[in-house]
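Here is how the chains run, residue by residue.
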Amino acid sequence: MVDTSRGGAPASPAEEPRGCLFALSQPPLMIFLTVVGGLLLMAALHDLFLL
């Protein structure tokens, strides 16, 4: 069997890993996702109305 224990003490509340909501609250990520979403929307509208 493979040992999957991390060894050491578990993270204290001050060092708790941050989750997905923290990542989504970062402005650079939201700008990137907005740009990608906008490009996908423009491509979809182009396919629907101009092709």
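Residues numbered from 1 in each chain as written. Predicted model: local features only at pLDDT ≥ 70, side-chain atom pairs only at ≥ 80, totals over all residues. Heavy atoms only, no water.

**Student:** Tell me about the overall build of the protein chain, and please be specific about residues and values.
**Tutor:** Looking only at helices and strands, one finds two helices and zero strands in the protein chain. Expressed as a percentage of the 51 residues in the protein chain, the buried residues total 0%. Element-wise, carbon and sulfur atoms account for 71% of the exposed surface of the protein chain, whose accessible area totals about 5000 Å². (Helix = DSSP H or I, 4+ residues; strand = E, 2+ residues; numbered from the N terminus. Buried < 20%, exposed > 50% of the residue type's maximum accessible area, 1.4 Å probe, protein only. Areas by Shrake-Rupley, 256 points an atom, 1.4 Å probe, with all protein chains shown as cover.)

**Student:** Go over a nonpolar patch on the surface, please, and point to the residues and values.
**Tutor:** On the surface, L21, L24, L29, M30, F32, L33, V36 and L40 cluster together to form a nonpolar patch covering roughly 740 Å² of accessible area. Secondary-structure elements contributing two or more residues to the nonpolar patch are α1 (20-24) and α2 (27-49). Here the element with the most residues in the nonpolar patch is α2; it accounts for six residues. Within the secondary structure, L21 sits in helix α1. We classify L21 as exposed; its relative accessible area is 71%. (Patch = residues over 30% accessible without salt bridge, like charges linked within 9 Å, V, L, I, M, F, W, Y side chains within 5 Å. Salt bridge = Lys/Arg side-chain N within 4 Å of Asp/Glu carboxyl O.)

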